[in-house]
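Okay, here's what each chain looks like letter by letter:
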Amino acid sequence: MLDIKWIRQNQELIQTTANQKGITISISELVEWDDKRRALLQEIEQLRQERNQTIEEINHFIRSDDLYHIEHKKFYMKEINKRISTFENEHKEVHQRYTNLLLYVPNIVSPDTPIGLSDQDNVEVKRIGEPTSFTYEPKDHVTLGELHRMIDIPRGVKTAGSRNYYLTGAGAALHRAVQQLAVDLLTTKGFTLLEVPLMVRQETLYNTGFFPLGEEQTFRIADENKWLVGTSEVPLISYYDNEIVDVTEPIRLAAVSTCFRNEIGSAGRDVHGLYRVHQFSKVEQVIICEASLETSEQVFQEITANAEELLQLLELPYRVMAVCTGDMSQKTYKQLDIETWMPSRNAYGETHSSSNLLDFQARRSNIRYRDAEGKTRFCYTLNNTAVASPRILIPLLENHQEEDGTIRIPQALRKYMNGIDRLYI
């Protein structure tokens, strides 16, 4: 959410941003509803002042026992109350239309954000390592998972429907190992680990910018105002809802959570294997800091570097992509995606994402701090996926396979895998 005064002063910029992000909204219409809202509030305030004046006059006539003027003023006050009631009802409707439109206003984007329509227009920033080359025909992660009895998709579909799976044995162990590696990495860097709610109230999804535009991707608990989170970013940000916090040092939070996504609109896309599933786990980084572009850029690079370090520990080739306007969400100011090489796709696939949201979430969530002058300001918020599994298992299994189907375990994971250095068929 942006400040309406700032919106009014930057209508052309925000309309351009909305168009670039593919969000259907008329900023001029929003301003018109704001004008109506302001006019009605002014009318109501004037009538309330007239009513207060009339009450004073009635009290004056009561003291002088002037029954004629008392009755006259009482009749006049009833008419004022009727007009106030009419205007208040109208204001309620106008305010609702105004608020609904305001929820669709996008965050602006950084000057270095590429302009584009889709992920095809994202721009490579850097590349670490080169795609793995094989002297033999490599197996995909599903085949490797079946050979090692690590992945069972047919039983997952039988139990829960499409885009579901079981991880068994070494598959479940690897799933937990990469998460613990990420947690240990973040805690050494000053992040506080939280165990978070996975079912949240609807307002928390609005406050964190996932609703209204992301509602179709979110699972609702039947007959309740509760929703399953698609990322622990939601409860991590919501931890400080309606609070004034100390950001002398940026607040660094992390969580490991199961996540759920509906994947509506992805029919026919990435249907093979573990790339796009309904249930997965993520280790999420969230930072809350002062409203400073310089500070937020520093921590933005920090959380991205943490994700890169994790991939380097996993000994995987990857590239960093500057995300374009058309591939950005409503709430995002700047975004970098990290894509890891996946041999079975013969392409890089997104495994991590960093976002700087400025004060978009903090305004909705009412998270504030006091600056050096004691003035209350909205914080800036940022987030990054330190690791998401089982998607990370795709490059992990495929890049570290050997010709006989053996899978090498990267050095950094071995202590979480009882010291084993490879998986044998």
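Along each chain, the written sequence defines residue order, and numbers are assigned to residues from 1. Residue-level local features of this predicted model are given only where pLDDT is at least 70; pairs of side-chain atoms are given and counted only at 80 or more, and the full residue set underlies all totals for whole chains, interfaces and linings. Where side-chain values are given, they derive from all heavy atoms of the structure, hydrogens and water being excluded.

*Asks:* Looking at this structure, I do not really get the overall build of the protein. What am I missing?
*Replies:* For helices the rule is a DSSP run of H or I covering at least 4 residues; for strands it is a run of E covering at least 2, with both sets numbered from the N terminus onward. Each helix and strand counted, the protein has 13 helices and 16 strands in total. Against the compact-globule benchmark of 22 Å for 425 residues, the protein has a radius of gyration of 28 Å, which places it well outside the compact range. Counting only C-alpha atoms, the protein reaches 105 × 50 × 35 Å along its principal axes. Taken over 425 residues, the protein has a buried fraction of 51%. In the protein, 73% of the contacts between residues at least 6 apart in sequence involve partners at least 24 apart. Only the protein chains shown count as cover for residues, with accessible areas throughout obtained via the Shrake-Rupley method and a probe of 1.4 Å. If you sum the accessible surface of the protein, you get close to 20800 Å²; carbon and sulfur atoms cover 48% of it. For the purpose of counting charges, residues Lys and Arg are taken to be positive, whereas Asp and Glu are taken to be negative. His and the chain ends are not included. All charge positions are set by atom: Lys at NZ, Arg at CZ, Asp at CG, Glu at CD. Between the mean site of the 48 positive side-chain charges and the mean site of the 61 negative ones, the protein shows a separation of 3 Å. Taken over C-alpha atoms, the radius of gyration is set against a globule rule of 2.2 Å times the number of residues to the power 0.38. Accessibility here uses a 1.4 Å probe with only protein chains present; expressed as a share of the type maximum, an area under 20% marks a residue as buried, one over 50% as exposed, and anything in between as partly exposed. In this analysis, two residues are considered to be in contact whenever any of their non-hydrogen atoms come within 4.5 Å of each other.

*Asks:* Mind showing me how you'd approach the pairing of strand 7 (residues 251–260) here?
*Replies:* Consecutive residues of a regular strand have side chains that alternate between opposite faces of the sheet. Of all ten residues in strand 7, eight are buried; the element is thus mostly enclosed. When DSSP finds two or more bridges between a pair of strands, those strands are recorded as paired. As judged from the three bridges shared by strand 4 (residues 192–194) and strand 7, these two strands associate in the parallel manner. Note on strand 7: the bridge partner recorded for leucine 193 is alanine 254. Pairing geometry for strand 7 and strand 8 (residues 279–289), over ten bridges, is antiparallel. Bridge assignment links alanine 255 to a residue of strand 8, and that residue is glutamate 284.

*Asks:* Quick question: what am I supposed to make of unusual backbone geometry here?
*Replies:* Following phenylalanine 211, the chain continues to proline 212 via a peptide bond in cis, the omega torsion being 10°. Here proline 212 shows up in the loop between helix 8 (202–207) and strand 6 (226–228). In this model, leucine 358 sits at a positive phi of 50°, which is unusual for a non-glycine residue. Mapped onto the fold, leucine 358 is located in the loop between strand 11 (347–356) and helix 11 (360–365).

*Asks:* What's the story with the nonpolar core in this structure? I'm lost.
*Replies:* In summary, soluble globular proteins display a tendency toward joint burial of nonpolar side chains. Here, nonpolar core refers to any group of buried Ala, Val, Leu, Ile, Met, Phe, Trp, Tyr and Cys residues whose side-chain atoms link them within 4.5 Å. Counting 96 residues, the largest nonpolar core has Ile7, Val105, Leu174, Ile288, Leu314 and Leu413 as its most contacted members. For this core, the element with the highest residue contribution is helix 7 (residues 170–187), accounting for eight residues. Among all residues touching isoleucine 7, those that are not within four sequence positions of it are Leu2, Ile14, Ile27, Leu30, Leu102 and Val105. With seven residues, the next largest nonpolar core counts Phe210, Phe211, Trp227 and Val234 among its residues.

*Asks:* How should I be thinking about the sheet that holds strand 10 (residues 334–342) in this particular structure?
*Replies:* Within a sheet, each strand pairs with its neighbour through backbone hydrogen bonds, oriented either parallel or antiparallel. Taken in spatial order, the eight strands of this open sheet run 1-9-10-11-14-8-7-4, and their pairing is mixed. Here the strands that pair on one side only, and so sit at the sheet edges, are strand 1 (123–128) and strand 4. When the angles between neighbouring strand axes are averaged without regard to direction, this sheet yields 25°. The sheet contact formed by strand 8 and strand 14 (residues 380–389) spans nine bridges and is antiparallel. Note on strand 14: the bridge partner recorded for glutamate 284 is threonine 385. To obtain each axis, a line is fitted to C-alpha atoms, and for helices this fit is confined to the stretch in contact; angles are then taken between N-to-C directions over 0 to 180 degrees. The sheet strands contacting helix 10 (residues 293–313) are strand 1, strand 7, strand 8, strand 9 (318–322), strand 10, strand 11 and strand 14, and the helix crosses strand 14 at an angle near 5°.

*Asks:* Honestly, the packing of aromatic side chains in this entry has me stumped. Any pointers?
*Replies:* Within a pair of aromatic rings, the relevant descriptors are the distance that separates the centres and the angle that separates the planes. Only Phe, Tyr and Trp rings take part, Trp by its six-membered ring, and two of them pair if their centres are within 6.5 Å. Stacked means planes under 30 degrees apart, edge-to-face means over 60, and tilted covers everything else. This structure, assessed with the given rule, holds five aromatic pairs. Centre to centre, the rings of tyrosine 206 and phenylalanine 211 are 5.6 Å apart; their planes meet at 85°, and the pair counts as edge-to-face. For tyrosine 206, a relative accessible area of 24% puts it in the partly exposed group. The buried category is assigned to phenylalanine 211, whose relative accessible area is 0%. Look at phenylalanine 211 and tryptophan 227: their rings are 4.9 Å apart centre to centre, the planes differ by 80°, and that puts the pair in the edge-to-face class. One end of the pair, phenylalanine 211, is in the loop between helix 8 and strand 6; the other, tryptophan 227, is in strand 6, with 16 residues separating them in the sequence. Here a set of aromatic residues connected by ring pairs shows up, and it is made of Tyr206, Phe211 and Trp227. Cation placement over rings: the criterion is NZ of Lys or CZ of Arg within 6 Å of the ring centroid and within 35° of the ring normal. Over the face of the ring belonging to phenylalanine 210 we find lysine 331, whose NZ or CZ atom lies 4.2 Å from the ring centre. For arginine 345, the ring lying beneath its charged end belongs to tyrosine 275, and the centroid distance is 3.8 Å.

*Asks:* Which parts of the structure should I look at to understand the pattern of salt bridges?
*Replies:* Between side chains of opposite charge, pairing is possible as soon as their charged atoms come close. The salt bridge definition used is simple: a Lys or Arg side-chain nitrogen within 4 Å of an Asp or Glu carboxyl oxygen. In this structure the tally under the stated criterion is 22 salt bridges. The salt bridge involving arginine 319 is made with glutamate 124; its shortest N-O contact spans 3.2 Å. Here arginine 319 is found in strand 9, whereas its partner glutamate 124 is found in strand 1, with 195 residues between them in sequence. The class of arginine 319 is buried, set by a relative accessible area of 19%. Here glutamate 297 ties to lysine 334 by a salt bridge, and the two come within 3.2 Å at their closest N and O atoms. With a gap of 37 residues between them, glutamate 297 in helix 10 and lysine 334 in strand 10 connect regions that are remote in the sequence. For lysine 334, a relative accessible area of 10% translates into the label buried.

*Asks:* Honestly, helix 4 (residues 67–102) in this entry has me stumped. Any pointers?
*Replies:* At 3.6 residues per turn, the α-helix brings residues three or four places apart onto the same side. Take the number of residues in a helix, subtract one, and multiply by 1.5 Å to get its expected span. Its 36 residues give helix 4 an end-to-end C-alpha distance of 51 Å, which sits within 8% of 52 Å, the value for a rise of 1.5 Å per residue. Where helix 4 is buried, its residues contact helix 1 (4–9) and helix 3 (27–63).

*Asks:* It is not clear to me how the packing of helix 7 against helix 10 should be interpreted in this structure. Could you clarify?
*Replies:* The relative placement of two packed helices comes down to the angle between their axes together with the axis-to-axis distance. One way to put it is that helix 7 packs onto helix 10 with a least axis distance of 10 Å and a crossing angle of 135°. By the angle between their axes, helix 7 is oblique relative to helix 10. Every pair of crossing elements has a handedness; the one defined by helix 7 and helix 10 is right-handed. Residue-level contacts link Leu181, Ala182, Leu185 and Leu186 of helix 7 to Asn306, Glu309, Leu310 and Leu313 of helix 10. Any angle that falls under 35 degrees is termed roughly parallel, while one over 145 is termed roughly antiparallel, one within 65 to 115 roughly perpendicular, and all others oblique. Crossing handedness follows the turn of the near helix against the far one: under a right angle anticlockwise gives a left-handed crossing, and clockwise gives a right-handed one.

*Asks:* Honestly, the packing of helix 2 (residues 11–21) against helix 3 in this entry has me stumped. Any pointers?
*Replies:* Contact pair helix 2 / helix 3: the axes reach a minimum separation of 9 Å and the direction vectors enclose 130°. Considering their axes alone, helix 2 and helix 3 lie oblique with respect to each other. Of the residues in helix 3, those touching helix 2 at Gln11, Ile14 and Gln15 are Ile27, Ser28 and Val31. Amino acids are sorted into nonpolar (Ala, Val, Leu, Ile, Met, Phe, Trp, Tyr, Cys and Pro), charged (Asp, Glu, Lys and Arg) and polar (every other residue, Gly among them). Classifying every residue of the contact of helix 2 with helix 3 by side-chain character gives three nonpolar, three polar and no charged.

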